[in-house]
Amino acid sequence: MYPAGYYFAVAHWFLPPFNTEPWQLGFQDAATPIMQGIIDLHHDIFFFLILILVFVLWMLVRALWHFNENTNPIPQRIVHGTTIEIIWTIFPSIILMFIAIPSFALLYSMDEVVVDPAVTIKAIGHQWYWTYEYSDYNSSDEQSLTFDSYMIPEDDLELGQLRLLEVDNRVVVPAKTHLRMIITSADVLHSWAVPSLGVKCDAVPGRLNQTSILIQREGVYYGQCSEICGTNHAFMPIVVEAVNLKAYGNWVSNQLCQQSN
Amino acid sequence: MSTSPGKVASQAEAAQAYMKKGVGRKPPSLVMEIIYGISLGMFAGYLWKMHHWNNQRRTRQFYDMLDKGLISTVVDEPGED
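Starting from 1, residues in each chain are numbered consecutively following that chain's sequence as written. Written order decides the labels, with chains lettered from A and ligands numbered from 1. Per-residue local features of the predicted model are confined to residues with pLDDT of at least 70, and side-chain atom pairs are confined, for both listing and counting, to 80 or more; whole-chain, interface and lining totals are unaffected and use all residues. Processing note: side-chain calculations cover all non-hydrogen atoms of the structure and skip hydrogens and water entirely.

**Q** How should the overall build of chain B be read in this particular structure?
**A** Only DSSP runs of H or I with at least four residues qualify as helices, and only runs of E with at least two residues qualify as strands; both kinds are numbered from the N terminus onward. Within chain B, the secondary structure is distributed over two helices and zero strands. Here the accessible surface of atoms and residues is derived via Shrake-Rupley with a 1.4 Å probe, and residues count as covered only by protein chains that are part of the display. As displayed, chain B has an accessible area near 5,900 Å², and 59% of this comes from carbon and sulfur atoms.

Here it is as structure tokens:
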């Protein structure tokens, strides 16, 4: 067993309250295997980026350093070099291959469709709010659980809430459960995006786009509409709240009761 | 800087000039500079990889502890079950 402070340190490593911090440079913490894969791919590519950047900077600086009449009065005159030209063609190709392998592996794994998701949720984009439908559960009059999700205006925010990100009705989903999101739009193009879940799916009128999500931990995840859709495009955020299965069941029951009343 | 034709020479001629007359420094070796550059690049890349492996280790630790119930992402609100 570790001291209590150790657990606090590990938990705190992962969760500043909202997965974000001021002046943040990198990605938000991943909450799905797909987002973790995206972050890992980025790290793989960044290794080659750093290698090439340092190498090129070194050659540039050394060329400037040596170009000095006092220390090197007789400059070289290199016209061509077949060997080096072959090397600097093959070497980048090998680097590209090392980048392509994990990239295609992630791409094809993202395309795999979950055969039997436990929950299916429809997200319908409007100007300028989202509507969510949980058609798996029907109330007594066969109407599915449906609600709108509007941004909370700045004047109505409570202390601690996030400006331009909070909504009145969150998308409550069960954690550690395969979800199927079906995204569409009722008017113009929108895009349903939640960075920490690694999800971005265009909402196209007249079309159903599908994406699968598996949220690995309970928490609240924020996103924003990601396709220009008019004057309030920046004011139709998305909030996904992942809860345990029991809390999810209670929430669905409550919602269905409220809707049927 | 003077660039008159008399002073322009190939790598081999520059080295010979150095050996004969002791003029200037030994000219830089392109191959060695490339080796130095690649080594520095690999070292910088290794530092980045260490950061990446550290992140992976911390993530793995986090989820292990979460699965064992040692930590939680849910704040216990007073008055809840």
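**Q** So what exactly am I meant to see when it comes to the packing of helix H2 (residues 33-66) of chain A against helix H3 (residues 82-111) of chain A here?
**A** Residues and elements named next belong to chain A. Think of each axis as a best-fit line through the C-alpha atoms, taken over the contacting stretch in the case of a helix, with angles from 0 to 180 degrees between the N-to-C directions. Where H2 meets H3, the axes come as close as 10 Å, and the angle between the chain directions of the two elements is 170°. The angle between the axes of H2 and H3 places the two elements in the roughly antiparallel class. Counted together, Ile 34, Gly 37, Ile 38, Leu 41, Asp 44, Ile 45, Phe 48 and Ile 52 of H2 and Ile 95, Phe 98, Ile 99, Pro 102, Ser 103, Leu 106 and Met 110 of H3 form the full contact between these two elements. A per-class count over the contact of H2 with H3 returns twelve nonpolar, two polar and one charged. Just so you know how the angles are binned, under 35 degrees is roughly parallel, over 145 roughly antiparallel, 65 to 115 roughly perpendicular, and the rest oblique. Whether two residues are in contact is decided by their heavy atoms, any of which lying within 4.5 Å being enough. The residue classification treats Ala, Val, Leu, Ile, Met, Phe, Trp, Tyr, Cys and Pro as nonpolar and Asp, Glu, Lys and Arg as charged. All others, Gly included, are polar.

**Q** Can you walk me through helix H2 (residues 30-68) of chain B in this structure?
**A** A turn of α-helix holds 3.6 residues, and therefore any two residues three or four places apart point the same way. The span one expects for a helix is its residue count, reduced by one, times 1.5 Å. Taking 1.5 Å of rise per residue, 39 residues should cover 57 Å, and H2 of chain B covers 57 Å from first to last C-alpha, within 8% of that figure. Of the residues one or two after H2 of chain B, Gly 69 of chain B is the one with positive phi, at around 85°.

**Q** I'm lost on the sheet that holds strand E5 (residues 178-185) of chain A in this one. Help?
**A** Strand pairing in a sheet relies on backbone hydrogen bonds, with the paired strands running either antiparallel or parallel. All names here are of chain A. Across the sheet, five strands lie side by side as E3-E2-E1-E5-E8; this open sheet has mixed pairing. Because the sheet does not close on itself, it has two edges, and the strands there are strand E3 (144-149) and strand E8 (209-214). For this sheet the average axis-to-axis angle between neighbouring strands, irrespective of direction, equals 25°. In short, DSSP must find at least two bridges between two strands for them to pair. Two strands pair when backbone bridges link them, and E5 and E8 are joined in this way by six bridges, in the antiparallel orientation. Bridging from a neighbouring strand, His 178 pairs with Leu 214 of E8.

**Q** Explanation requested: the packing of H2 of chain A against H2 of chain B in the structure shown.
**A** In a pair of packed helices, the angle between the axes and the distance between the axes together describe the arrangement. Here H2 of chain A crosses H2 of chain B at 155°, and the two axes come no closer than 8 Å. It follows from the interaxial angle that H2 of chain A and H2 of chain B lie roughly antiparallel. Helix-helix and strand crossings are classified by hand; for H2 of chain A and H2 of chain B the assignment is right-handed. Counted by class, the contact of H2 of chain A with H2 of chain B contains 17 nonpolar, ten polar and five charged residues. The crossing is said to be left-handed when, going from far helix to near helix, the turn is anticlockwise and less than a right angle, and right-handed when the turn is clockwise.

**Q** Explanation requested: the state of the cysteines in the structure shown.
**A** Covalent bonding between the sulfur atoms of two cysteines is what defines a disulfide. All names here are of chain A. Any pair of cysteine sulfurs within 2.5 Å is marked as a disulfide. The full count for this structure, using the stated rule, is zero disulfides over all chains. The cysteine Cys 201 is free of any disulfide, with Cys 225 supplying the nearest cysteine sulfur at 12 Å. Relative accessible area serves as the criterion here: at 7%, Cys 201 is assigned to the buried category. Think of it in three bands: residues with accessible area under 20% of the maximum for their type are buried, residues over 50% are exposed, and the middle band is partly exposed, with areas taken using a 1.4 Å probe on protein chains only.

**Q** How do you make sense of a nonpolar patch on the surface when you look at a structure like this?
**A** Among the surface-exposed residues, Ile 86, Ile 87, Ile 90, Phe 91, Ile 94, Met 97, Phe 98 and Ile 101 of chain A together with Ile 38 and Met 42 of chain B lie close enough to one another that they form a single nonpolar patch of about 930 Å² accessible area. Among the elements that make up the nonpolar patch, the one with the highest residue count is H3 of chain A (eight residues). Structurally, the position occupied by Ile 94 of chain A is in helix H3. Take Ile 94 of chain A: its relative accessible area is 37%, and that puts it in the partly exposed class. The patch calculation keeps residues exceeding 30% relative accessible area without a salt bridge and links them within 9 Å when they carry like charges or within 5 Å when they are nonpolar (Val, Leu, Ile, Met, Phe, Trp, Tyr). When a carboxyl oxygen of Asp or Glu lies within 4 Å of a side-chain nitrogen of Lys or Arg, that pair is called a salt bridge.

**Q** Hey, could you run me through the pairing of strand E1 (residues 119-126) of chain A in this one?
**A** Consecutive side chains of a regular strand alternate in pointing toward one face of the sheet and then the other. Residue and element names in this part refer to chain A. Burial of E1 is extensive: seven of the eight residues sit out of reach of the surface. Note: E1 against E5, seven bridges, orientation parallel. The partner of Ile 121 across the bridge, within E5, is Met 181. Judged from the five bridges that link them, E1 and strand E2 (residues 129-138) form a sheet pairing that is antiparallel. Counted as the bridge partner of Ile 124 is Thr 131 from E2. Hairpin connection of E1 to E2: two residues between the antiparallel strands.

**Q** In this structure, what is going on with the side chain of His 233 of chain A? I would like to understand it.
**A** Residues and elements named next belong to chain A. With respect to the helices and strands, the residue His 233 is situated in the loop between strand E9 (219-224) and strand E10 (237-243). His 233 gets classed as buried once you look at its relative accessible area, which sits at 18%. With residues up to four places along the chain from it excluded, the contact list for His 233 reads Trp 128, Cys 225, Ser 226, Glu 227 and Ile 228.

**Q** Help me understand the UniProt feature "transmembrane region" (unreviewed entry) in chain B, please; the structure alone is not making it clear to me.
**A** Mapped onto the present numbering, the UniProt feature "transmembrane region" (unreviewed entry) falls on residues 29-48 of chain B. In this annotation, residues 29-48 of chain B is assigned 95% helix and 0% strand; the end-to-end C-alpha distance for the span is 29 Å. UniProt positions are given in the numbering used here, feature names are shortened, and annotations may be inferred rather than shown by experiment.

**Q** In this structure, what is going on with unusual backbone geometry? I would like to understand it.
**A** One can expect most non-glycine residues to show negative phi and most peptide bonds to be in trans. Residues and elements named next belong to chain A. Looking along the chain, the bond that leaves Gln 127 and enters Trp 128 is cis, with omega of 0°. Mapped onto the elements, Trp 128 comes out in the loop between E1 and E2. Phi at Leu 164 is positive, roughly 65°, even though this residue is not glycine. Take Leu 164: it is sitting in the loop between E3 and strand E4 (171-174).

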